[in-house]
Amino acid sequence: MVIAYGITLALFALYSYSLLDLNLTLLNFDLWTQFRNVMIQFGYFQRLNSTFVFVALICLVSGFHLYLLKNYKKYSALHLSLIIAVILLFAYPFLSHDLFNYMFDAKILTFYHQNPYLHRALDFPSAPELRFMHWVHRTYPYGPTFLPMTLIPSLLGLGKFSLSLITFKVFFSIFYLLAVRALNKMSSEWAMFFATHPLVIIEGLMNNHNDLIAVSLGLIGIQLLWSKRTTLGRLFIVISGGIKYITLPLVIAQKKSSLSNIVAFCSVTLLVGYLSIFQEVQTWYFMSLFVFIPYFFELIKRMQIFLIGILFSYYPFVLYGTWGDLHNLGLKHAVIIIFAMINLLTLIIERKKLRSLWSY
C-alpha cells in the first residue's frame, strides 16, 4: 500500500509539470527539454485529458488518505511524512505562483539589499523572474515573522532561481515534518490525518503556500503548551500568527477544554470566511483550521467532504487555463458551494454527535 501511495504521489509530482509556466525554463539540457515539451503539450493543448488526470489523481490521493487514516495504527505517520516530503520536493507549484513571490520578496533583501515592504518586484526590471511572476506590482503583503524565516533559504539559494526553488521547497518540507512530529507526540491518528491530507499535500507541499508554515508553528506551539512549556509554546503561536494573522486567535487557547478554545476556533473560522467572501475563496485558507486538530479533531474530521472537495474547484483552471473568465470563477464557486452544502447536510444529520464535541 505504501509503495502504491508513493507511486501515486510521484505521478502527481510529474503531472505538476504539465502546467509549468511557458516562460520558465528551469533547466538547460536536452533530456529535460524533451520532458518539458511533452508535459506542456499535454497540460496546455490537451486540457480535457489533463483535467481528467488531475481529478483522478485527487481521487487517488484522497482514497489513500482515508485508508491510511482508518488504519493509522498499522503505519507510521512519521515515516510516511518523510516519504511524502521527499517525493513532493520535486513537484512544481502548478496551481499557484505564490512561492515565486516568497522567493523574490526575500531576494529583494538578500540580493538587492532593499526593503520588500517598500519595494516591488517591478522596481527591479532586469530581474529574470519578472517573465513568469504574478503580482509583481505589490509590496510585501505578509506579517513581520515570515520574511526573516525566508531569508535562510534565500541566502542558501545564492541568488540562483533553480537553487532557490529547491531550498525553499526544502524549507516548506521541514516545517511539514515538524508539524507531523508535533502531532505525533499528542496522537498518532492526528499525525496521520495531517500528514496524508490532500489539502496539506497539494496546497502545502506542492503549491507551497505559507499557511503551511503558520499551521506548523501553531501546532508546535500547542504541543509545547501541552508539555507545560507554556512560554515557549506561546512564542511559537505568536510567530505563527505573525505570518498572515489568521492563526493569531490561537494565542488565547488553553491546554484543557475551555471556552477560550471555542472562541479561538470560531475567530479563525470567521477570518477565513471573511477573506473568502470579501476577497476570493482560496482553498489554502482552509488549511488554517488544521491548527485546531488537537482541540477539535472529530469536528474537523467530519468536515472531510468539504476540505477534500474544495480541491476539485481547481478543475476550471486546469481545463480552461485562467480565472479571468467569470464563467470559470462561477464554476469554481459552484463546486465549493456544492461540497459545502453536502458537508453541512451530513453535519446536521450528525448534530447529536456534534453537541458532545462542543460540550465543556
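Throughout, a residue's number is its position along its own chain's written sequence, starting from 1. Two thresholds apply to this predicted model, a pLDDT of at least 70 for residue-level local features and 80 or more for giving and counting side-chain atom pairs, whereas whole-chain, interface and lining totals are computed over all residues. Side-chain calculation: all heavy atoms of the structure are included, whereas hydrogens and water are not.

Engineer: Please clarify how the overall build of the chain should be interpreted in this entry.
Structural biologist: Going along the chain from the N terminus, every DSSP run of H or I of four or more residues is numbered as a helix, and every run of E of two or more is numbered as a strand. Within the chain, the regular secondary structure consists of 17 helices and 0 strands. Taken against the 2.2 N^0.38 rule, which gives 21 Å for 360 residues, the C-alpha radius of gyration of the chain at 20 Å falls within 12% of a compact globule. Seen through its principal axes, the chain has C-alpha atoms that stretch 60 × 45 × 40 Å. Only protein chains enter the accessibility calculation, which uses a 1.4 Å probe; a residue whose area is less than 20% of its type maximum is buried, one above 50% is exposed, and one in between is partly exposed. Here the chain, with 360 residues, has 56% of them falling under the buried criterion. Sequence-distant contacts, at least 24 apart, represent 70% of the contacts inside the chain between residues at least 6 apart. As presented, the chain carries roughly 16,200 Å² of accessible surface, and 69% of it is formed by carbon and sulfur atoms. Charge-centre separation for the chain: the mean point of 26 positive side chains lies 14 Å from the mean point of 13 negative side chains. Atoms counted for the radius of gyration: C-alpha only. Globule rule: 2.2 Å times residue count to the power 0.38. Any two residues having at least one pair of non-hydrogen atoms within 4.5 Å are treated as being in contact. Under the convention used here, a 1.4 Å probe and the Shrake-Rupley method define accessible areas, while residue burial counts only the protein chains that appear. Positive residues here are Lys and Arg, negative ones are Asp and Glu, while His and the chain termini are left out of the count. Charge positions are represented by NZ for Lys, CZ for Arg, CG for Asp and CD for Glu.

Engineer: What should I look at first to understand the pattern of salt bridges in this one?
Structural biologist: Side-chain pairs of opposite charge can arise where the charged atoms are in close proximity. In the sections that follow, a salt bridge refers to a side-chain nitrogen of Lys or Arg positioned within 4 Å of a carboxyl oxygen of Asp or Glu. Under the counting rule described, the total for this entry stands at 8 salt bridges. In this structure, the salt-bridge partner of Glu189 is Lys301, at a minimum N-O distance of 3.4 Å. A residue pair is termed long-range when its members are at least 10 positions apart, and Glu189 in helix H8 (residues 188–196) and Lys301 in helix H13 (residues 293–301) qualify at 112 residues. According to the relative accessible area criterion, Glu189 is buried, its value standing at 16%. Among the ionic pairs, Glu298 bridges to Arg302, the shortest N-O distance being 3.3 Å.

Engineer: Help me understand the packing of aromatic side chains in this model?
Structural biologist: Working definition: rings of Phe, Tyr and Trp (its six-membered ring) pair if their centres are within 6.5 Å, and the pair is stacked with planes under 30 degrees apart, edge-to-face with planes over 60 apart, and tilted otherwise. Evaluation of the coordinates by the stated rule reveals 42 aromatic pairs. A centroid spacing of 5.6 Å and a plane angle of 55 degrees characterise the contact between Phe100 and Phe161, whose relative ring orientation is tilted. Taken together, the residues Phe100 in helix H5 (residues 98–110) and Phe161 in helix H7 (residues 161–186) connect sequence positions 61 residues apart. Lys107 extends its terminal NZ or CZ atom over the ring of Phe111, reaching a point 5.0 Å from the ring centre. We call a charge positioned above a ring when the Lys NZ or Arg CZ atom is no farther than 6 Å from the ring centre and deviates by at most 35 degrees from the ring normal.

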